[in-house]
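Inside the fold
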Amino acid sequence: MAPQLHRRTPRGRLPPTPRSVLLRFALGSLAAIAVAAVGGYFALRSVAIDEAKRETRTKVQESGQLVEATLRDGLLARKPDALSSVDNVVIARVLSNSIVRVKIWSRDGHVVYSDEAAQIGAHYPLDADQLRLLRDGGAKVEVTDLRRPENKLDRGHGKLIEAYTRIRTPAGEPVLFEIYQRFGSVTSSARRLLRALAPPVLGSLILIVLIQAPLLWSLTRRLQREHDEREALLGNAIAASSRERRRVAAYLHDGPVQDIAGLAFSLAPIADKAEARGDRDAGVLRSIVDHLRRNVRDLRALLVELHPPRLAAAGLDAAVADLVSPLQAGGADVSVSIEGADRLDREQEALVYRVVQEALRNVIAYADASAVRVELTVDDHVARLVVADNGRGFEAGVREQRREEGHIGLSLVEELARQSGGTLEIDSNAGEGTRVELEVPAR
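In this report, we go over the structure that sits alongside the text. (Residues numbered from 1 in each chain as written. Predicted model: local features only at pLDDT ≥ 70, side-chain atom pairs only at ≥ 80, totals over all residues. Heavy atoms only, no water.)

A closer look at the environment of Ala 321
Locating Ala 321 in the fold gives a position in helix α8 (residues 316-329). For Ala 321, a relative accessible area of 37% corresponds to the partly exposed category. (Helix = DSSP H or I, 4+ residues; strand = E, 2+ residues; numbered from the N terminus. Buried < 20%, exposed > 50% of the residue type's maximum accessible area, 1.4 Å probe, protein only.)

See below:
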């Protein structure tokens with residue numbers, strides 16, 4: 001079909017109202033805030049736990065220094081007075097609601113002290129990190145693996161975090177000082193940090209949304225007003241086009257068409273007499289008469305396109321028959337089926353006519369089709385018009401190019417269809433013909 005069309009015309013839709021835009025914005029903002037809140041929670045929780053671990057690392061070093069001051073050389077031999085000296089300071093100044101276990105390990109992996117007496121003397125080889133701490137110093141914090149044998153008696157306290165540091169006996173022998181802290185105390189610190197940071201973060205997000213909402217409302221109202229203005233301008237353009245078509249059609253019918261027809265009628269007898277006399281100018285006169293008659297036929301066909309007088313007088317069937325007559329005269333196989341036209345009001349009938357007119361105009365001008373089908377049916381209060389041909393068709397994007405060149409015929413009828421509560425769709429592929437389908441409400 002004509003390059004004026006395109007592959008697929010989207011269904012006409014009214015622009016969204018400010019209320020619906022604001023609602024979608026609010027829902028989207030809530031979803032974004034929820035995602036940010038969840039992501040921020042886990043990020044802040046990770047930061048808070050890391051901060052709590054740093055506090056635990058500081059705590060084990062401070063507790064280790066406190067215990068180191070009470071160590072005696074008999075500790076490694078687990079002498080009662082050395083154990084009692086450590087036990088007094090551990091119970092009085094180290095154990096708390098959060099720190100539930102204290103152990104001291106020798107280099108060979110023996111528990112030389114524990115606030116749980118049953119653990120003293122047990123032997124569990126130290127791992128590489130623990131041996132490194134004994135050699136280099138420092139501190140380490142990790143989640144306790146309660147499945148290990150050395151933690152058998154620690155399982156009753158729930159999830160724990162353990163922290164190590166190096167301390168020395170009075171003789172300078174390095175030992176490993178270990179505390180076990182409730183995991184809940186670490187996460188409680190994280191929760192406190194979250195409670196401190198979450199309100200300003202969430203408040204800032206909500207404030208941004210509240211600031212943007214009026215701006216969005218104003219912008220949407222402005223866009224809607226501009227859309228309404230464009231709709232009004234287009235409607236005025238369509239109305240002006242119809243009025244101009246009627247004016248031009250009336251002028252041509254009452255002026256040039258009548259004058260040319262009268263001139264041809266007047267010259268015909270003169271041409272006949274000249275031929276009878278054998279005048280050499282008789283051929284010229286006959287050619288002029290034939291040319292004038294062809295012009296009259298062409299002008300009358302143009303009148304039908306500009307303003308179909310038979311649409312109101314004889315109905316849609318007759319008006320469409322006038323539109324397809326040039327195709328039939330050109331040898332195309334034309335099929336026309338009009339059913340239910342009596343259920344259309346005048347505006348809907350005019351819209352159907354305009355769509356058929358625009359589609360067939362493009363078929364005649366561009367499609368080189370050998371078969372054309374025009375079909376109108378009315379079912380369930382919906383009128384459905386199909387104009388299909390087996391012509392050249394076209395690729396996507398061609399219509400936009402033609403629109404930029406000033407070909408807006410189908411754009412106008414698309415808008416008319418939308419204003420009538422209907423839709424206009426166009427489907428085409430190069431070499432596969434074109435199908436134009438209109439749907440509008442009917443009685």
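Moving on from the model shown.
Comments concerning the pairing of strand β10 (residues 434-441)
Bridge count for strand β8 (residues 382-389) against β10 is 8 bridges, and the pairing is antiparallel. From the neighbouring strand, Arg 384 faces β10, where its bridge partner is Glu 439. Where strand β9 (residues 423-428) meets β10, 6 bridges bridge the pair, whose relative direction is antiparallel. Across the sheet, Leu 424 pairs through a bridge with Leu 438, a residue of β10. (Pairing = 2+ DSSP bridges.)

Topic: the pattern of salt bridges
The final tally for this structure, using the stated rule, is 20 salt bridges. The closest approach of N and O atoms between Asp 136 and Arg 135, which form a salt bridge, is 3.2 Å. Overall, Arg 135 belongs to the exposed group, its relative accessible area being 55%. In this structure, Asp 272 engages Arg 286 in a salt bridge whose closest nitrogen and oxygen atoms are separated by 2.2 Å. In this pair, Asp 272 is assigned in helix α5 (residues 256-277) and Arg 286 in helix α6 (residues 282-306), connecting sequence segments 14 residues apart. When its relative accessible area of 41% is taken as the criterion, Asp 272 is described as partly exposed. Put simply, Arg 101, Lys 103, Asp 115 and Asp 154 are held in one network by salt bridges that share partners. (Salt bridge = Lys/Arg side-chain N within 4 Å of Asp/Glu carboxyl O.)

Structural notes on the sheet that holds strand β5 (residues 174-182)
Pairing is antiparallel across the open sheet formed by 5 strands, whose spatial order is β2-β1-β5-β4-β3. Only two strands of the sheet have a single partner each, and these edge strands are β2 (111-114) and β3 (139-143). Ignoring which end each strand starts from, the neighbouring axes of this sheet average 20 degrees apart. In terms of strand pairing, strand β1 (residues 99-105) meets β2 through 3 bridges, oriented antiparallel. Of the residues in β2, the one forming a bridge with Lys 103 is Ser 114. Contacting β1, β2 and β5, helix α2 (residues 80-94) runs over the sheet at an angle of about 45 degrees to β2. Together, β3, β4 (160-168) and β5 form the strand contacts of helix α3 (residues 128-136), whose direction differs from that of β4 by roughly 35 degrees. (Axes fitted to C-alpha atoms, helices over the stretch in contact; angles between N-to-C directions. Contact = heavy atoms within 4.5 Å.)

Quick word on the sheet that holds β10
Backbone hydrogen bonds hold the strands of a sheet together, and the pairing may be parallel or antiparallel. With mixed pairing, 5 strands are arranged side by side in an open sheet as β6-β7-β8-β10-β9. Sheet topology places β6 (333-338) and β9 at the edges, where each strand pairs with a single neighbour. Pairs of neighbouring strands in the sheet enclose a mean axial angle of 10 degrees, with direction left out of account. Bridge count between β6 and strand β7 (residues 371-379): 6 bridges; the pairing is parallel.

What about helix α9 (residues 346-367)?
When the terminal C-alpha atoms of α9 are compared, their 30 Å separation across 22 residues agrees well with the 32 Å that a helix rising 1.5 Å per residue should span. Where α9 begins, the side chain of Asp 345 points an oxygen toward the backbone nitrogen of Glu 347, at a separation of 3.2 Å. Just downstream of α9 lies Asp 368, where phi reads positive at about 55 degrees. (Expected span 1.5 Å × (residues − 1). Polar contact = N/O pair within 3.5 Å; in protein donor to acceptor, adjacent residues only side chain to side chain.)

Observations concerning α2
Taking 1.5 Å per residue, 15 residues should reach 21 Å; α2 reaches 20 Å between its end C-alpha atoms and fits that length. Listed in full, the buried residues belonging to α2 are Ala 82, Leu 83, Ser 85, Val 86, Val 89, Val 90 and Val 94. Projection of α2 onto a plane perpendicular to its axis shows the buried side chains occupying an angular sector of 160 degrees, all on one side. Exposed side of α2, more than 90 degrees from the buried face: Pro 80, Asn 88 and Ala 92 are the residues found there. (Arc of directions from axis to C-beta.)

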